[in-house]
Amino acid sequence: MRYTVEDGGRLNNFAVEPKMYKAEPPTGNQKRNYIILGVVGMVLIGGLMAVAVSVS
C-alpha cells in the first residue's frame, strides 16, 4: 500500500495504478467481425421498428 505521512501525522493513501500498455490495432478478422455485428444490430433494430409500426 502506498501512503505518505503529513506533518500533522495524518496518512494520505494513494490508489495503486495499473500498468499501462498500448492497445494493438484490430486484425482483419476482428474488423470483419465488427462489421458483421454492426449489420446484425442494424437488422435487429430495423425489425423491431417494423414490428412497432405494424402494431401501432
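These numbers were taken from a predicted model, which means no experiment stands behind them.

Cut-off values and rules
- Residues numbered from 1 in each chain as written.
- Predicted model: local features only at pLDDT ≥ 70, side-chain atom pairs only at ≥ 80, totals over all residues.
- Heavy atoms only, no water.
- Helix = DSSP H or I, 4+ residues; strand = E, 2+ residues; numbered from the N terminus.
- Rg over C-alpha atoms; globule rule 2.2 N^0.38 Å.
- Buried < 20%, exposed > 50% of the residue type's maximum accessible area, 1.4 Å probe, protein only.
- Areas by Shrake-Rupley, 256 points an atom, 1.4 Å probe, with all protein chains shown as cover.
- Lys, Arg positive; Asp, Glu negative; His and termini not counted.
- Charge placed at Lys NZ, Arg CZ, Asp CG, Glu CD.
- Patch = residues over 30% accessible without salt bridge, like charges linked within 9 Å, V, L, I, M, F, W, Y side chains within 5 Å.
- Salt bridge = Lys/Arg side-chain N within 4 Å of Asp/Glu carboxyl O.

Undergrad: If you had to explain the overall build of the protein to someone new, which residues and values would you point to?
TA: When helices and strands are counted, the protein shows one helix and two strands. Tracing the protein from N to C terminus, the helices and strands come up as β-β-α. Relative to its length of 56 residues, the protein is extended, with a C-alpha radius of gyration of 25 Å against a globular reference of 10 Å. Split into buried and exposed, the 56 residues of the protein put 0% on the buried side. Here the protein displays about 5700 Å² of accessible surface, and carbon together with sulfur accounts for 65% of that area. Measuring between centres, the 6 positive side-chain charges of the protein sit 16 Å from its 4 negative side-chain charges.

Undergrad: Help me get a handle on a nonpolar patch on the surface, residues and values and all.
TA: Taken together, the side chains of Ile35, Val39, Met42 and Val43 define a hydrophobic patch exposed on the protein surface, amounting to about 430 Å² of accessible area. Locating Val43 in the fold gives a position in helix α1 (residues 28-55).

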